[in-house]
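# Tertiary structure, described
Each chain is listed here by its residues.
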Amino acid sequence: MDLLVNLYSRKLDALRARAEQVDATIRVALPPEQHIIKDWVRTHFSEYWVSEVSAAIAHQPPGCLIAIVDGQLVGFACYDATARSFFGPTGVSEDQRGKGIGLALFHHTLMAMKAQGYAYAIIGSAGPVDFYVNAAGAMPIPSDQEDIYQGLLRIPSRPEDKS
């Protein structure tokens, strides 16, 4: 399901207040660190997300934000990777979940999008729908089961993977 977030909603004030309480540094990724970020995303998530990180970092300014705790990369969020105005992918390492880092990444990314002139953000194929609804008042976008990822090429599973 795709979701729509109004970047002028008053709900984003409450999101900002919650994000400010998070003990992590959130900043724009720099192109010279993309190999580190892509390796980290590959290890923790998927090769598909590595492709989207590559696209997002290639923008000027880069459309990838990272979360750092104690000098270590612990999360990332992208925008304008698969399509303009799209938020995502985003992820936080398992050992750092539940600390508000994903929420802070979400807030900072939405604010970066707003600063670039977007009025709305689209969350494509949203995973934790309730999170986005509660955090920013995201609204489902009606569809007939079609989205931008329809027909996406997939890596076929290998016979040896089925054991």
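Residues numbered from 1 in each chain as written. Predicted model: local features only at pLDDT ≥ 70, side-chain atom pairs only at ≥ 80, totals over all residues. Heavy atoms only, no water.

To continue, consider the nonpolar core. Core analysis: the largest hydrophobic core is formed by 33 residues, its most contacted members being Val5, Ile101, Phe106 and Leu110. Elements with a contribution of two residues or more to this core: β1 (3-6), α1 (11-19), β3 (64-69), β4 (72-79), β5 (86-92), α4 (101-115), β6 (120-123) and α5 (129-136). The contacts of Leu110, once residues within four sequence positions are left out, are Val5, Leu7, Leu12, Leu15, Ala121 and Ala136. The next biggest cluster of nonpolar side chains, apart from the first, holds 15 residues, and it includes Ala29, Ile37, Trp40 and Cys64. (Core = buried A, V, L, I, M, F, W, Y, C linked by side-chain atoms within 4.5 Å. Buried < 20%, exposed > 50% of the residue type's maximum accessible area, 1.4 Å probe, protein only. Helix = DSSP H or I, 4+ residues; strand = E, 2+ residues; numbered from the N terminus. Contact = heavy atoms within 4.5 Å.)

Below, the discussion takes up the pairing of β4. For β4, the buried fraction is high: seven of the eight residues fall into the buried class. Counting the residues that bridge the hairpin from β3 to β4 gives two residues, and of these Asp70 lies at a positive phi of roughly 50°. Strand direction decides the pairing type here: β4 and β5, joined by four bridges, are antiparallel. When the sheet's bridge partners are listed, Phe76 is paired in β5 with Gly91. (Pairing = 2+ DSSP bridges.)

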